[in-house]
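Spelled out, the chains give:
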Amino acid sequence: MDKELQQYTHIIDKLKPAINSTDFNQRLSQVTKDLAPEKRFLIKMELKRLAKPCLRSVDLRGQVNGECHLFEYKGRNHYLDEIAIEVFKEQVKIYGHYSFGVYEAIMATENNFKVMRDKKEREAKSPQQSTPAENANQILAQYTIPVVNLLSYAHRGHERMNFAIAVEIKDEQHHSYRATSIDISMEGLRLKIPKDIQFSPEQRLYVYFRGLENEFAMDKRNGIAYNVITTKIEKSTPYLILKRELSLPSPMFDSFLEKFIHGNKRRYKVNLANTVDAIKNKTAEQYISPCSPTLPVFIDKTDSQLVPKYAMINSINQETLAYWQDEESNIRLGYLLKPSRLQWLHEQQDSGAEMYVYSFTHIQNGAVYFYSASSQELAKKEVLKNVYLGFGARKVSWRVFKLSMGTMSAEQAHVALSIPETASTKTQKQHAAPSARLMAKLKNLSYIVHVTDVTSASAQQCYARLKFNRNNLTHLRVFAHPRNRLPQTIQPYRYRFQEQRMETRYLLRSPIKLTNYNDEMPLAGISEDISVSGLRLEVAEEFLGDVGSLVKVSFPKLQSLTTQHDVMGLIYEVIHISEERNLIHLRSAEGETGKIARQFFDNLIKQNKQSLKTYPEEEEIPGMGHALRCINARNTPNCAFLMAKTGIRYTPDLAVFSDNDAMLNQLMCHFTDNKHANVEFLFRDRNLDAPLIQQGLRTMKIENQPVRQELFIAYDPHRKDSRLALIPHLSSRFSDDEKRRLFIIDAMEKGQFVAVQVVLTSTGKPDLDMLQAELNYVSMYAMHIAKELDEKIWSIGASVHLVDTTAEVLTRFGFDRKTILHNCAPVRQGEGLGNEQKPINQQPPSVK
């Protein structure tokens, strides 16, 4: 049972006999009436799990302190002792059948050796014996996860075989040392060396393979020339990494070594460490990049001009692109990234400066007019600042965008496999560099601007409370983007997942009628595209159904073309609904229920394949989307981490850091090294009724939308106690803006204030195309490792993205630029805000 549920064991035991009764929900509500809804939901899910039928045969021989004998129950044989048989019969009476609850009960009897051992361990280290510091460290350890650099891993040109033999090393001064080989390849060697020996990078060494001389004809007088790459310390043991000196070849040794590795690699096993790291790394990229809330825009630099060229959209950041579309669906993102803003970002790049742009739209005579102003532009027009912010924030179209710029290179588009090219013919193709035509399109790209929508409800309310003179509204036209001066065209590319779409989609616009399963709530609409098992519709009014519900779709025009099929009332399952609830993605119902729909569209597609057009997903330049994806992954915009599902719980897994978030990186490494991240502060409210991450995950599943929350953090780098070093507080839990302002001031006086927008997203299925070659390679030599990796890949269910909004929040509450820069700088012992660094307005604009 999950630790969180152990405190409700008495409630679960009380409800077990009622799990299969018709009034179970009523009894659950009565027994848990004093608990929060989310706790009640967890208890219900646990009871449902315990009541599921179990097919496992139990053999307790050697596992319990008792004699076991055959016990048969409904055709299934078990080997149980007397205590387990008694528990089995007792639990079956409770559940009504052999369930997982029965199985877990007989595996947890008091005479079970594992249970007795665990009990002794708990008694040996009881809570009374653990100090508060030890308890705190144990909690921190639960939330410490490894950090990876996306698409950054070791590539090997040759297979490296694990092989341990005695070797002798001689330097050019003829000093001799003893060592042991760890692994070997055609061009490299790793040795375990004594702790008192030191070598320099690039130092020439000669290696004698003494452990092979008795079995093979080796040259005992002339060693094999190697150069030192580096020395690594792992678990206090020094390892020497060497590379063959190609200018001093040894053809006989090369021939011997090639045959030796080829003939023995299955016996001694190929070293798979870098391939396993690559799979984990690519898995992180698979789940983080396509779910990032940040929109990357790639900037071309030609003749000193910065021109936005391409954007990489996914299911989360596409809302940003959609916002900058006019009434004719033309992309006007260039308004946001106008030349003067790009130039400012370029000039401030070395300091890591970021820009916040405040935007809203105005619709007149069916035409969309865009307004935007950066904090720097508003600072130059103080008279209009309150007018712009106060008026704009009262509009539904109000948005705040964070812009940051970083460098990139076209070479980052190529991601080679971690395994040698010689592994197979397929790997040779995947090692191939991008085409010359593709690289020609990428060669002038020099920068990436990351655009993130950081709009929050509390911020909008804060700005909307600003007072202004309505007579000045006409002056806001200086922030309007003229429709007769169109911005630079930006070409969007999508993240593509070849494993996601099982069938080809075809464009087919035909009138439809949509109702729920009971023929209620009729809506008129039109089909957008079709496949054998799927359908995408656009309806004229808001669709009020839910994801997972069944609907009926009628095709009156198509019915007039066929007498073989009845296409009035085809049954589909809703799998996705757009935010506006007018675009609906459907999948034919399973089994016989959806058979008619599948048969009809299968025949329709086969008979009209020549005339039907496929959905326009083909790229003008093949590989362009993948290249931009790889470049963006190597320039990670935000700190993020993955959540893996274990049972019914989600736990933190892998993390990535961003080069642009020095303060967040430092904060997450406060209790660990820079190769790990500690995210305990995001789970600090785990025992409250609505914890940030757990409640966010549940909300995300129900609403099928990303969840965004603004988090304030007081960070004191000099504190060693985790609960004092990092004090998180959700912005929504403050009663008013005055409380928020006081929290910020207190945080800066003691250390630093950090504001983060926490974005939770579901991850969907992995794209195995990018992983399959390396998974196959691992499975050749270590099937158990491949299986573990596969299970880990499919266990990832959510990603958490942390967007640093500290500067915007401090600007919102009236702090000047000097204070903001001071807050973001490294804090030395005893430093704080000081009396001279108070907000500009003692009563901020948000508090009236």
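Heads up: the structure comes first, above all this text.
Residues numbered from 1 in each chain as written. Predicted model: local features only at pLDDT ≥ 70, side-chain atom pairs only at ≥ 80, totals over all residues. Heavy atoms only, no water.

Peer 1: Give me the lowdown on the pattern of salt bridges, citing residues and values where you can.
Peer 2: When the charged atoms of two side chains with opposite charge come close together, those side chains can pair. Inspection of every chain in the model, using the stated rule, returns 36 salt bridges. Arginine 49 is the salt-bridge partner of glutamate 104, the closest N and O atoms lying 2.6 Å from each other. Taken together, the positions of glutamate 104 in helix α5 (residues 100–106) and arginine 49 in helix α3 (residues 37–51) put the pair 55 residues apart, joining distant regions of the chain. Classification of glutamate 104 as partly exposed rests on a relative accessible area of 30%. For arginine 49, a relative accessible area of 24% gives the class partly exposed. If you follow the salt bridges from partner to partner, you end up with Glu46, Arg49 and Glu104 in one network. (Salt bridge = Lys/Arg side-chain N within 4 Å of Asp/Glu carboxyl O. Helix = DSSP H or I, 4+ residues; strand = E, 2+ residues; numbered from the N terminus. Buried < 20%, exposed > 50% of the residue type's maximum accessible area, 1.4 Å probe, protein only.)

Peer 1: Could you give an account of helix α27 (residues 817–824), naming the residues involved and the relevant values?
Peer 2: Think of an α-helix as 3.6 residues a turn; residues three or four steps apart then line up on the same face. Taken together, the buried positions of α27 are Thr819, Ile820 and Asn823. Buried residues of α27, viewed axially, fall in a sector of 100 degrees; they line one side. Along α27, the residues that are exposed and aim more than 90 degrees away from the buried face are Arg817 and Lys818. The inward-facing, buried residues of α27 abut α20 (662–668), α23 (737–750), β30 (752–762) and α26 (806–812). (Arc of directions from axis to C-beta. Contact = heavy atoms within 4.5 Å.)

Peer 1: Outline the nonpolar core, listing residues and values.
Peer 2: Membership of the largest hydrophobic core comes to 38 residues, with the highest contact counts inside it found for Tyr358, Tyr388, Trp398, Phe712, Ile744 and Phe753. Those elements that provide at least two residues to this core are β13 (354–364), β14 (367–374), α13 (382–392), α16 (457–464), β28 (707–715), α23, β30 and α26. With five residues, the single largest contributor to this core is α23. In this structure isoleucine 744 touches Phe712, Phe753, Val809, Leu810, Phe813 and Phe815, once residues within four positions along its chain are discounted. In terms of nonpolar packing, the next biggest core, distinct from the first, is built from 36 residues, Phe641, Leu697, Val758 and Ala798 among them. (Core = buried A, V, L, I, M, F, W, Y, C linked by side-chain atoms within 4.5 Å.)

Peer 1: Lay out the sheet that holds strand β11 (residues 294–302) in plain terms, naming residues and giving numbers.
Peer 2: Taken in spatial order, the seven strands line up as β14-β13-β15-β16-β11-β12-β17 in an open sheet, and their pairing is mixed. Strands with a single pairing partner mark the edges of an open sheet, and in this sheet they are β14 and β17 (491–494). Between one strand and the next, the sheet's axes are offset by a mean angle of 30 degrees, whatever the strand orientation. Here strand β15 (residues 399–407) runs beside strand β16 (residues 445–453); their pairing, made up of seven bridges, is antiparallel. Looking at the pairing, leucine 403 lines up with valine 451 of β16. (Pairing = 2+ DSSP bridges. Axes fitted to C-alpha atoms, helices over the stretch in contact; angles between N-to-C directions.)

Peer 1: Go over the side chain of arginine 740, please, and point to the residues and values.
Peer 2: Here arginine 740 shows up in helix α23. If sequence neighbours within four positions are ignored, arginine 740 has contacts with Ser458, Phe712, Ser731, Ser732, Phe734 and Phe813.

Peer 1: Kindly report on the side chain of glutamate 168, identifying the contributing residues and their values.
Peer 2: With respect to the secondary-structure elements, glutamate 168 resides in strand β5 (residues 166–171). At 2.5 Å, the side chain of glutamate 168 and the side chain of serine 176 are in polar contact. Not counting residues up to four positions away in its chain, the partners in contact with glutamate 168 are Ser176, Tyr177, Arg178, Tyr206, Val207, Tyr208 and Arg210. (Polar contact = N/O pair within 3.5 Å; in protein donor to acceptor, adjacent residues only side chain to side chain.)

Peer 1: Tell me about the packing of helix α2 (residues 24–31) against α3, and name the residues and values.
Peer 2: Running from N to C, α2 and α3 cross one another at 135 degrees; their axes reach a closest spacing of 11 Å. Relative to α3, the element α2 is oriented oblique. Crossing hand, α2 versus α3: right-handed. On the side of α2, the interface is formed by Phe24, Asn25, Leu28 and Ser29, while α3 contributes Arg40, Ile43, Lys44 and Leu47. Taken together, the residues that form the contact of α2 with α3 break down as four nonpolar, two polar and two charged. (Parallel < 35°, antiparallel > 145°, perpendicular 65-115°, else oblique. Left-handed = near helix turned anticlockwise from the far one by under 90°. Nonpolar A, V, L, I, M, F, W, Y, C, P; charged D, E, K, R; others polar.)

Peer 1: Mind laying out unusual backbone geometry, listing which residues take part and the relevant values?
Peer 2: Where the residue is not glycine, phi is negative for most of them; where a peptide bond is considered, it is trans in most cases. Located in the positive-phi region is lysine 235, a residue other than glycine, with phi close to 55 degrees. For lysine 235, the position within the fold is in the loop between β9 (224–234) and β10 (237–244). Within the chain, methionine 521 stands out as a residue other than glycine whose phi angle is a positive 50 degrees. Examined against the element boundaries, methionine 521 turns out to sit in the loop between β19 (511–516) and β20 (523–530). The exposure class of methionine 521 is partly exposed, given its relative accessible area of 43%.

Peer 1: Give me the lowdown on the pairing of β5, citing residues and values where you can.
Peer 2: Relative to strand β6 (residues 176–184), β5 is paired through five bridges, and the arrangement is antiparallel. In the sheet register, lysine 170 faces β6, and the bridge partner there is serine 176. A loop of four residues connects β5 with β6, the two strands running antiparallel in sequence, and histidine 174 in this loop sits at a positive phi of about 70 degrees. Strand direction decides the pairing type here: β5 and strand β8 (residues 204–208), joined by four bridges, are antiparallel. If you follow glutamate 168 over to β8, its bridge partner there is tyrosine 208.

Peer 1: Which residues make up a negative patch on the surface, and what values go with them?
Peer 2: A surface patch of negative charge is lined by Glu67, Glu82, Glu86 and Glu90. Tracing the sequence through the fold places glutamate 86 in helix α4 (residues 82–95). (Patch = residues over 30% accessible without salt bridge, like charges linked within 9 Å, V, L, I, M, F, W, Y side chains within 5 Å. Areas by Shrake-Rupley, 256 points an atom, 1.4 Å probe, with all protein chains shown as cover. Lys, Arg positive; Asp, Glu negative; His and termini not counted. Charge placed at Lys NZ, Arg CZ, Asp CG, Glu CD.)

Peer 1: Report on the sheet that holds β30, specifying residues and quantitative values.
Peer 2: With antiparallel pairing, six strands are arranged side by side in an open sheet as β26-β25-β31-β30-β28-β29. If you trace the sheet from one side to the other, it starts and ends with β26 (649–656) and β29 (726–730), each paired once. Strand-to-strand twist across the sheet, computed as the mean angle between neighbouring axes with direction ignored, equals 30 degrees. As paired elements, β30 and strand β31 (residues 796–804) share seven bridges and run antiparallel to each other. Counterpart to valine 759 in the pairing with β31 is histidine 801. Here helix α25 (residues 783–795) sits on the sheet and contacts β25 (639–646), β26 and β31; the angle it forms with β31, its principal contact strand, is near 60 degrees.

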